[in-house]
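# Structural description and commentary
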Amino acid sequence: MQYRTFGALDWKPSALGFGAMRLPLLNDDAGQIDAPLATAMIRYAIDHGVNYVDTAWSYHKGMGEPFLAQALADGYRAKVSLATKLPTWLIQSLDDCDTYLNRQLERLQTDVIDFYLLHSLHQERWHALRALNVTAWAEKQLAAGKIRHIGFSFHDRYEAFQEILDDYDGWDFCQIQYNFMDVNEQAGMRGLHYAAEKGLAVVVMEPLRGGKLAKNPPPAPVARLWAQAPIQRTPADWALQWLWNQPEVSLVLSGMSTMQQVVENIASAERSGVGSLTSGELALVEQVRAAYQALIPIPCTACGYCQPCPQGVAIPRIFGIYNEGIMYDDLPGARDAYRNWLDATERADLCVECHQCEEQCPQSIEIPTWLQQVHAQLLAV
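Note that the coordinates shown come from a computational prediction; the quantities given were computed from them, not determined experimentally.

### A look at helix α13 (residues 331-340)
Among the residues making up α13, those that are buried are Leu331, Ala334, Arg335, Ala337 and Tyr338. Taken end-on, α13 shows its buried residues confined to a sector of 165°, consistent with a single buried face. Turned more than 90 degrees from where α13 packs its buried face, Pro332 and Asn340 sit exposed. Contacts made by the buried residues of α13 are with α12 (315-327) and α15 (367-378). Two or three places before glycine 333, at the start of α13, stands the capping residue aspartate 330, its side-chain oxygen 3.1 Å from that residue's backbone nitrogen.

Set out below in structure tokens:
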């Protein structure tokens, strides 16, 4: 296993971290973890050098933390740094913070959480927590020895990311969605560099974009580009090595679901290193990104000029879901996201074709026409 630097901390993380959020299941139920298999996977990873395991209050319908306590029994807890997260969307007061942290310590059967994150921050949520003085609360937990390091995970625009970093000097680390397709999304590469310049460790989540970058790519042109590389790698290995090539990346979390994924990702981590990719290989990744982007059917840039829709239709989000489904050849995943992650009050069928959005669109997209088509495809059986 290769080990890296972790911001200003005197600790070396494994290049690969185990994200315990997509563990193998029984009966296709996220709340029923296949405990024997998942335990074997986690212990295999630790036995092969992984020293960072990440979970959260909400993972696996609340069963992730209790399961992990059992998986880290028999001496495995002492071999890793354990990360979990405060469920920020459930916090109304600092008393709530105490309640959840204390319950997490009990569920994880540990006296201290090594890396504690404010989970899934965006600007509005940060403002609410900041008004509660949550960082002062966190400092009390640090002083009491309940947590060792404080950080946050993030999903919003870069400007919100910079605001959160600048608002508090005590952050030790942050966790961002980042991969070779998301260099300009959310915190992006700009946020990665900004956090590193401030001395924070940066933990990367979604390195394979929820598995989309690990599956067999579209034959033309993406697979054809990968085939031109002098060193042949799997799509997953390309995505991981691109991240590990960057010194600002402290560790890469992978939410592994099978033992094969664990074995392959550990092998990739063992080959990793800062500056290990050639300039030609980096250029090839740029070409692959462009090739994926060329598959996007709707030229929406999510600029937001079409918002707010008088009917409440979440136009940029709908187009984003559809574009990803086409780009990564994953319409079933897009249908799942549209049905389960988009509120019915925001769906495309609410469009009344007032065309106000079209008048504002810099890309001249025929928005009502596309909304009708997208809704028909994403609700199809």
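There is more to say, and it comes next.
### Here's the deal with the pairing of strand β6 (residues 113-121)
Counting buried residues in β6 gives nine out of nine residues, a clear majority hidden from the surface. Note: strand β5 (residues 81-86) against β6, four bridges, orientation parallel. Within the sheet, the bridge partner assigned to lysine 85 lies in β6 and is leucine 117. At this point the chain moves from β5, through helix α3 (residues 94-107), to the parallel β6, and the crossover so formed is right-handed. Inspection of the sheet shows β6 paired to strand β7 (residues 147-154) by six bridges, in the parallel sense.

### A word on helix α7 (residues 188-197)
All of the buried residues along α7 are Gly188, Gly191, Leu192, Tyr194 and Ala195. Looking at the buried positions of α7, the neighbouring elements they touch are α6 (158-167), β8 (173-177) and β9 (201-205). Glycine 199 sits one or two residues past α7 and shows a positive phi near 90°.

### Re the packing of helix α9 (residues 235-244) against helix α10 (residues 259-270)
Across the interface, α9 lies against α10 with an axial gap of 10 Å and an inter-helix angle of 40°. It follows that α9 is oblique to α10 by the angle criterion. As α9 runs across α10, the sense of the crossing is right-handed. Contacts between α9 and α10 involve Asp237, Leu240, Gln241 and Trp244 on the former and, on the latter, Asn265, Ser268 and Ala269. Considering only residue class, the contact of α9 with α10 consists of three nonpolar, three polar and one charged.

### Concerning the sheet that holds β9
Ordered in space as β1-β4-β5-β6-β7-β8-β9-β10, the eight strands form a closed barrel in which the pairing is parallel. Averaged over all pairs of adjacent strands, the angle between their axes in this sheet comes to 30°, without regard to strand direction. Where β8 and β9 come together, five bridges link them in parallel fashion. Each residue of the ladder has a partner; that of cysteine 174, found in β9, is valine 202. On the sheet, helix α5 (residues 134-144) packs against β6 and β7 and is oriented at approximately 150° with respect to β7.

Procedures and definitions
- Residues numbered from 1 in each chain as written.
- Predicted model: local features only at pLDDT ≥ 70, side-chain atom pairs only at ≥ 80, totals over all residues.
- Heavy atoms only, no water.
- Buried < 20%, exposed > 50% of the residue type's maximum accessible area, 1.4 Å probe, protein only.
- Helix = DSSP H or I, 4+ residues; strand = E, 2+ residues; numbered from the N terminus.
- Arc of directions from axis to C-beta.
- Contact = heavy atoms within 4.5 Å.
- Polar contact = N/O pair within 3.5 Å; in protein donor to acceptor, adjacent residues only side chain to side chain.
- Pairing = 2+ DSSP bridges.
- Right-handed = clockwise from strand over helix to strand, strands pointing away.
- Axes fitted to C-alpha atoms, helices over the stretch in contact; angles between N-to-C directions.
- Parallel < 35°, antiparallel > 145°, perpendicular 65-115°, else oblique.
- Left-handed = near helix turned anticlockwise from the far one by under 90°.
- Nonpolar A, V, L, I, M, F, W, Y, C, P; charged D, E, K, R; others polar.

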